[in-house]
Amino acid sequence: MAKLKIGFFSFTCCEGCTVVFLEILNKKYKEYMKKIKIENFRQLKTNEEIKSLDIAFVEGAISTESEIRKLKEIRKKSKKLIALGSGAVNGYPSNQRNKFDKKKQKQIQPLIKTLHQNKTIEPLSKFVKVDDEINGCPISEQDLTAKIEGYLKK
Ligand code: SF4
């Protein structure tokens, strides 16, 4: 049986949700490596090329034009795109600055300019179709395990 080809991608966030997958691998590495091929995962490999994937797990909210371009490329190359964690699902907590008052907005302008960030920080669904999601900040090991194993059975 062909292995499930998956990738993990991180945008504007603390990367805590992909670390949850590393925790799962501590327990399930041997079992998963028989069934899963990890094509992209910054914490494990330097490969930045986005290949064709069965599932892309995407964490973090979107804050720059280059992130929008990369997210659209991931979408094009993936059969399923899963939003991983609240940042990807609804923008929180990275999007807190969207609601700053005028004074605070003005104070952070130099930083936003330096980081080439957009006016607002948005969830994935603002830019691409999202097939599935796991909410939480961070997500739970149980939820991610159940999701992965659910797709392995399909
Ligand atoms: S949802 Fe929370 S824990 Fe997960 S990557 Fe975003 S900020 Fe980090």
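For the structure itself, look to the data block above.
A brief structural summary. Every residue gets a number counted from 1 within its own chain, in the order that chain's sequence is written. In keeping with the predicted nature of the model, local features appear solely for residues at pLDDT of at least 70, side-chain atom pairs appear and are counted solely at 80 or more, and the whole-chain, interface and lining totals rest on all residues. Heavy atoms throughout the structure, all of them, feed into the side-chain values; hydrogens and water do not.

**Section: unusual backbone geometry**
Here Tyr-92 and Pro-93 are connected by a cis peptide whose omega angle stands at 10°. As for its position among the elements, Pro-93 is in the loop between helix H3 (86-90) and helix H4 (102-114). Cis rather than trans, the peptide bond between Cys-137 and Pro-138 has omega equal to 5°. Secondary structure elements follow DSSP: runs of H or I of four or more residues count as helices, runs of E of two or more count as strands, with numbering from the N terminus. As for its position among the elements, Pro-138 is in the loop between strand S5 (132-134) and helix H5 (141-153). Even without being glycine, Glu-15 reaches a positive phi, approximately 65°. Relative to the assigned elements, Glu-15 resides in the loop between strand S1 (4-10) and helix H1 (16-35).

**Observations concerning the sheet that holds strand S4 (residues 78-84)**
One open sheet accounts for five strands, arranged S2-S1-S3-S4-S5; its pairing is parallel. Edge positions in the sheet fall to strand S2 (36-41) and S5, since each of these pairs with one other strand and no more. Adjacent strand axes in the sheet meet at a mean angle of 25°, parallel and antiparallel pairs treated alike. The pairing of S1 with S2 spans five bridges and is parallel. When the bridges of S2 are listed, Leu-4 appears paired with Ile-36. Strands qualify as paired when DSSP identifies two bridges or more between them. Axis lines are fitted to C-alpha atoms, over the contacting stretch for helices. Their N-to-C directions set the angle, which ranges from 0 to 180 degrees.

**Concerning the packing of aromatic side chains**
Put simply, two rings from Phe, Tyr or Trp (the six-membered ring, in Trp's case) pair if the centres are within 6.5 Å, and we call them stacked under 30 degrees between planes, edge-to-face over 60, tilted for the rest. Scanning the entire structure with this criterion turns up four aromatic pairs. Measuring from centroid to centroid gives 4.4 Å for Phe-8 and Phe-21, while their planes differ by 25°, and the two rings are stacked. Residue Phe-8 is located in strand S1, and its partner Phe-21 is located in helix H1; the two are separated by 13 residues in the primary sequence. Only protein chains enter the area calculation, which uses a 1.4 Å probe; residues under 20% of their type maximum are buried, those over 50% are exposed, and those in between are partly exposed. Note on Phe-21: relative accessible area 0%, which makes it buried. For the ring pair Phe-21 and Phe-41, a centre distance of 5.9 Å and an interplane angle of 40° mean the geometry is tilted. Placement of Phe-21 in helix H1 and of Phe-41 in strand S2 is noted, with a sequence separation of 20 residues between them.

**A closer look at the layout of surface pockets**
With a 1 Å grid laid over protein atoms only, a set of points is called a cavity when a 1.4 Å probe fits there but cannot get out and a pocket when it is open yet has protein on both sides within 12 Å along at least five of seven lines; lining residues have an atom within 4 Å of a point. Grid points are joined across faces, edges and corners, and a volume is the space filled by probe spheres set on the points. If you add up the space inside the largest pocket, you get close to 190 Å³. For the largest pocket, the lining is made up of 19 residues, of which Cys-13, Cys-14, Gly-87, Pro-93 and Cys-137 are closest to its centre. If you list the elements that add at least two residues to the lining of the largest pocket, you get H1 and H3. Ranked by residues supplied to the lining of the largest pocket, first place goes to H3 with three residues. Split into classes, the residues belonging to the lining of the largest pocket amount to nine nonpolar, eight polar and two charged. Gly counts as polar in this scheme, as do all residues outside two lists: the nonpolar Ala, Val, Leu, Ile, Met, Phe, Trp, Tyr, Cys and Pro, and the charged Asp, Glu, Lys and Arg.

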